[in-house]
Each structure stands twice: as structure tokens, then as C-alpha cells.
Amino acid sequence: MAIYQTMDKIEQGRRVLELRSPVTLEPIGEIVCANKQDVADALAKAEKVQVAWGAKTVKQRVEAVKKLLPVLLDNADAIVDTVVRETGKARTDALLMEIYASCDSVSYYCRRADKFLRPEKPRAHGLMGLSKKIELHFKPLGVVGIITPWNGPFILALNPTIQAILAGNAVLLKPSEVTPESGRWLQTVCEKAGLPEGLVQVLVGDGETGAALVESAVEKIAFTGSVATGQRIAESCGRQLKPCTLELGGKDAMIVCSDADIEGAVAGAIMGSCMNTGHYCCGTERVYVVEDIYDTFLEQVIEGVRVLRQGSDLGYEEDVGAVFWDKQMTIIETQVDDAVAQGATVHVGGKRNPNLGGLYYEPTVMSNLDHEMAIMRDENFGPIVCVIKVKDEEEAIALANDSQFGLHGNVWTKDTEKGINIAKRIDTGGVSVNDMAVGYGVHSAPFGGRKASGVGQVNGKVGIRGYTYCQPVISDKGAGKKSPTGFPRDLKQVETYKKVMKFLWTNPLGKLFW
Ligand code: NAD
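Just so it is clear, the model here is predicted, and its values are computed rather than measured.

Regarding its fold elements, the chain presents 18 helices and 22 strands. In summary, the chain has a C-alpha radius of gyration of 26 Å against a globular reference of 24 Å for 514 residues, a match within 12%. Projected onto its principal axes, the C-alpha positions of the chain cover 90 × 60 × 40 Å. Out of the 514 residues in the chain, the part that is buried amounts to 54%. Sequence separation of at least 24 residues holds for 71% of the intrachain contacts in the chain that already meet a minimum separation of 6. Per element, the accessible surface of the chain, about 22800 Å² overall, is 55% carbon and sulfur. Considering the chain, the positive charge centre built from 58 side chains and the negative charge centre built from 64 side chains are found 15 Å apart.

In this structure, the largest pocket encloses a volume near 1100 Å³. For the lining of the largest pocket, the secondary structure elements donating two or more residues are helix H9 (207-215), strand E8 (220-224), helix H10 (227-240) and helix H13 (326-341). If you tally residues by element for the lining of the largest pocket, the top one is H10, at 7 residues. A domain split of the lining of the largest pocket shows at least three residues from each of domain 1 (35-248 + 461-469) and domain 2 (252-440). Of the voids in this model, the second largest pocket is the one considered here, and its volume is about 780 Å³. Asp93, Leu96, Met97, Met275 and Met436 are the residues nearest the centre of the second largest pocket, which is lined by 32 residues in total. Mapped onto the lining of the second largest pocket, the elements with two or more residues apiece are helix H5 (91-117), helix H7 (155-166) and helix H11 (262-274). For the lining of the second largest pocket, the element with the most residues is H5, which contributes 7 residues.

A sheet is described by the order of its strands in space; here 6 strands give the open sequence E7-E6-E5-E8-E9-E20, paired in mixed fashion. The open sheet has two free edges, formed respectively by strand E7 (200-202) and strand E20 (454-455), since each of these has just one partner strand. The pairing of strand E5 (residues 143-147) with strand E6 (residues 170-174) spans 5 bridges and is parallel. Bridge pairing in E6 places Ile147 opposite Lys174. Along the sheet, H7 makes contact with E5, E6, E7 and E8, crossing E6 at roughly 165°.

A few words on the domain arrangement of the chain. A common way to report how large an interface is uses the accessible area buried once the components associate. The domain architecture assigned to the chain consists of domain 1 (35-248 + 461-469), domain 2 (252-440) and domain 3 (485-513). Taking the mean C-alpha position of each, domain 2 and domain 3 sit 62 Å from one another.

Take a positive patch on the surface next. Residues Lys121, Arg123, Lys133 and Lys477 make up a contiguous surface patch of positive charge. The residue Lys133 is located in strand E4 (residues 132-140) in this model.

Here the distance between the centres and the angle between the planes together describe a pair of aromatic rings. Enumeration over the complete set of coordinates arrives at 7 aromatic pairs. A ring pair is formed by Tyr108 and Phe116, whose centres lie 6.3 Å apart and whose planes are at 45°; its orientation type is tilted. Sitting over the face of the ring of Tyr316, Arg91 holds its NZ or CZ atom 5.8 Å from the ring centroid.

Here the focus is helix H12 (residues 291-306). Owing to its 3.6 residues per turn, the α-helix brings residues three or four apart onto one side. Helix length check: H12 (16 residues) gives 23 Å between terminal C-alpha atoms against 22 Å at 1.5 Å per residue, within 8%. The principal kink in H12, of about 25°, is found at Phe297. Buried within H12 we find Ile293, Tyr294, Phe297, Leu298, Val301, Ile302 and Val305. Residues of H12 that are buried in the fold lie against strand E10 (252-256), H11, strand E11 (284-290), strand E12 (345-348), strand E13 (364-367) and strand E14 (384-390).

Looking now at empty space enclosed by the protein. Gaps left between atoms are located by rolling a probe of water-molecule size over the structure's atoms. Applying the stated criterion across every chain, the model contains 5 cavities of 30 Å³ or more. For the largest cavity, the calculated volume is near 110 Å³. As for the largest cavity, its lining consists of 14 residues, of which Pro160, Thr224, Tyr440, Val458 and Tyr467 are closest to the centre. Among the elements of the structure, H7, E8 and strand E9 (244-247) are those that each provide at least two residues to the lining of the largest cavity.

For the structure on display, the rule yields 26 salt bridges. One salt bridge in this structure joins Glu208 and Arg15, with 3.6 Å as the shortest N-O distance. Highlighted residues: Glu208 in helix H9 and Arg15 in strand E2 (residues 14-20), separated in sequence by 193 residues. With relative accessibility at 55%, the residue Glu208 sits in the exposed group. By relative accessible area, which is 19% here, Arg15 ends up buried.

Here is what the cut-offs are and how they apply
- Residues numbered from 1 in each chain as written.
- Predicted model: local features only at pLDDT ≥ 70, side-chain atom pairs only at ≥ 80, totals over all residues.
- Heavy atoms only, no water.
- Helix = DSSP H or I, 4+ residues; strand = E, 2+ residues; numbered from the N terminus.
- Rg over C-alpha atoms; globule rule 2.2 N^0.38 Å.
- Buried < 20%, exposed > 50% of the residue type's maximum accessible area, 1.4 Å probe, protein only.
- Contact = heavy atoms within 4.5 Å.
- Areas by Shrake-Rupley, 256 points an atom, 1.4 Å probe, with all protein chains shown as cover.
- Lys, Arg positive; Asp, Glu negative; His and termini not counted.
- Charge placed at Lys NZ, Arg CZ, Asp CG, Glu CD.
- 1 Å grid on protein atoms, 1.4 Å probe; cavity = no way out; pocket = protein on both sides within 12 Å on 5 of 7 lines; lining within 4 Å.
- Points joined across faces, edges and corners; volume = space filled by probe spheres on them.
- Domains from an automatic or database assignment.
- Pairing = 2+ DSSP bridges.
- Axes fitted to C-alpha atoms, helices over the stretch in contact; angles between N-to-C directions.
- Patch = residues over 30% accessible without salt bridge, like charges linked within 9 Å, V, L, I, M, F, W, Y side chains within 5 Å.
- Salt bridge = Lys/Arg side-chain N within 4 Å of Asp/Glu carboxyl O.
- Phe/Tyr/Trp six-rings, centres within 6.5 Å; stacked < 30°, edge-to-face > 60°.
- Lys NZ or Arg CZ within 6 Å of the ring centre and 35° of its normal.
- Expected span 1.5 Å × (residues − 1).
- Bend = angle between axes of the 7 residues up to and from the residue.

Shown next as C-alpha cells:
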């Protein structure tokens, strides 16, 4: 269902969109867009269910959520079929990115949710420690709105949902209009696993449905998608004083040092750029290679990309699938053509696949690129390896940072310490050393973007706690006895305060109370 268009058809006040296959370009269904009333009805239902769900202990929620694992495994083929039908992505990409990663998310958070959300008892600092006891409670927000894109239509819906429900919330999911059925699977698997009806509800539709969800009384918006939509959502949330996280686009750079393992780096560049047809937020979009090894690296990348298999059988034997959406095809083609017109070289690919009828863009290798070209500045999201020669690592770091985006990046060198030092100088939310960007799947690490790539961090302990508010409960150890520091005030009291202050901040022993 990669293509959609308004059919000018309205059913009971709801717009209807026609969906087409990216593989055959044939119509494959319709969706009826949820309207404001549908959002309000779903919210009312979710609010009721959330009360009982939020009152359960984390351990009880874990027991219920764990039941998703067998359901996901039993339905893996059916979910993959839906994802592939809607997106045309390579079947192996669907299996690993959507199913493996989803099971991994469920098991990771089920194993750790109780630890991450257990009340904490930090010691009060300084003199306060003598009289106060603190407890931090991580309480659910209520109903959370999750809005997702089309490139990872199941995992990007499931992963935040698991965290939100384990933290005690109900979820309203608005999947992309390009991949509504993959999104609907989330509600289906939750129902099959026996989670309370209404705890996870899917509202299909386009931006209007998403906007209605943002404007509704949900307590938080977790958004993944483009910069432009993220800005609109941030404006709306700002006006409503509603928290949100924004996981937005990227223009990841890869730095290949002269001492890199060339074979490994070549494989990393090809996978990082072409996996999921290049529709990967942390996809490698710019490869900066130090001049000593540039020629060898480029030659091997060209050979590696030339043998990638592209086909429309939708089987496990294909490496690079279709472009999921005709709008993305336009962006990819426009940027490549513009770069070529400005002198860029296409070594392989650079055009639609003439042997396939659907939305297939050939895996591509380009060089002779510079930062004036749109393909080096704006997100491309296509299966394109852009290779740029640099004098040295310093130039590579400077060019990597010369971007409005700051999502992820990767550095390749046999000297891991050197790699980590270079990584620390890249202004992005995360960096991999000797690997393509793997940040989203490494749950223990927070994930997020700098600059235009987003606001806030998701995943891991930080992420799951983001679906709660931390309520400190501070008790006085005097069990309610009248405080000596209270009213009435007098000069004697003030003199004592002055002495205490002098002791704390001039006497070396005062440091014991800092
Ligand atoms: P998009 O912004 O067009 O759409 C994303 C979602 O927002 C869709 O569900 C859409 O219907 C909805 N939406 C559109 N207008 C809205 C509005 N006004 N209010 C509320 N919701 C609205 O993005 P896309 O084209 O679906 O996704 C591709 C983008 O997502 C790329 O830029 C990619 O880099 C980014 N992405 C980021 C991450 C990350 O973790 N940082 C992960 C995957 C994708």
C-alpha cells in the first residue's frame, strides 16, 4: 500500500483513501480515516481501561505483556506478509527489522521493567538528610498517543507501545497512512495475547487523524517521522503544554579511516545505505573515505552493490526491495538527477530498475559529490551509497558535522580507542564504531537526535521512564513534630543560621554535608 490517494470519497463523514501496491502498482485496498469523534471515542475507552491497568503492579503487567512473545512468533509469517505487501520491502528486512526486533523489545523490557520502574529511595543531601526521607515513584501518565512512519511500520509502533503499557499507560496508535494494516497488527497481537480490550487501539488515517490525536486529551505524544511534521506536532504540544518526544530524520555520515578493515567497512557501507531500501532513519547517507584507501574502497563498494539482488518475487532471496512510497521515489530521483547535473558520477544504478514494473530504484553508488548538492544536505532515504574522498580524518569530522541533522553516524578504524575519540567529536545523538548505526536496536542505550533530528531520547531506562512522571514523596523523619526552623522567627534563630552557613561553606568539615 505504498501509494495512496484521496478518492474524494466520504463515508459517514470520514475520508477514504485508496491504497496501491508498490510492487504491482495495483489497488490493494482502502482505508477509512478516523476522524475527531473516533479519536475522542477511542480515548474515552482507553481512559477507562487504563485505570485498572495502571493500578496493577509492574510485575503483573509484565506477566500479561510477556504473552505477546508466543503470539508474535506464531503470527510472524502473517505479519511479514502484511508488511511486505504494503511496503514491498525485502522479506529478510521485514523478518529481522519487524519481527526479531519486536520480540527483542518485548523480552528486553519485560525482563527489566520492574527494575527500571521500581520506586527509588535516594538520600536527601546535606542537612536535609538528617530530617527528610525521599521516595521516587514512577507513575503512569494515562493515555499516550503514538504516531509512526512507514519505514518500520510494525517495530516503530510496537517498541514505544510496549514501554508505554509496561509503565501503566493505555496507547492510541496512529500508524502511517502508507502502512495502516501493518499498524493494525499491533492491536491484533495485543488482543490475541489477552491484553485488556481497549488498552492498545489503532486509529488509521493520515495527517488529519494524527493532528486530531495530538489535539485530543492524550497525556503525551511519542512521534516518529519527518522534521516538518515533528515541528507541527511540537507547536501543538507546546500550546497545550503536552510533553512529546520527536524522533525525526537524519543524514548519517560514515567515516572510513585509513587504517579501517576495508572489507568490513565496505560491507558496512552497503548494508547501512541499502538495508530496508535505504528507508532507515539511521541509514548511511554520506561515506567519507580518507584518500589513502579511497580508490580501493570505492572499487569494492561498486562490486558489492553491483551484485545485490533486486526482484519482485518477495522472497528471502532478494536483497533490496521496492521503494515503499511514490512520494519517496520522487525525492530519490530528483536528488540523484540534480547531483548528476552538477557533475556527480554514477558508478552503478542511478535509475529505476527497468526490469521491474513497480517502484524499484536500483541500488546505486555515486561519487564526485559536494555539500552544495541536495543529495548531500537533505535526507534521501534511498538505496544509494554516496562516497566522498577526504584528505584526512579531520576533514571527515568537519564534513560529517556540516549538516542540519544529527541522528547517528559511524566510524571505521582498526584502532577502537581512536574510533571512540572520533565518535565523541561527531555532533549526533549516537555513533557506532566499526558497525553501521545500530542505536535503535541496542535498548540499553538511549536513542535520540541532535539538531533537526529530534527532541528527547527514547528506549532503555530513560525511554520507559519517559512514559511516567516521577513523583517524589518527601517525608519528614520527625513524624510531624513541630520543626525548630518554623515560625516565630527571631534574631537568635538568624544568628544560628549564619553560623551554620559559615560552617558549611568555609569550614573544611562542612564539606561532609555538601
Ligand atoms: P511523516 O512526518 O510524513 O509522517 C509520520 C506520521 O505522522 C504519519 O503517521 C503521518 O500520517 C503523521 N502526520 C502527518 N501530518 C501530521 C500532523 N499534522 N499531525 C500529526 N500527525 C501527522 O513521516 P514519514 O514520511 O511517514 O516518515 C519518514 C520520516 O521518518 C523520515 O524522515 C525518517 O528519517 C523518519 N524516521 C525517524 C526515525 C527516528 O527514530 N528518528 C525512525 C524512523 C523514521
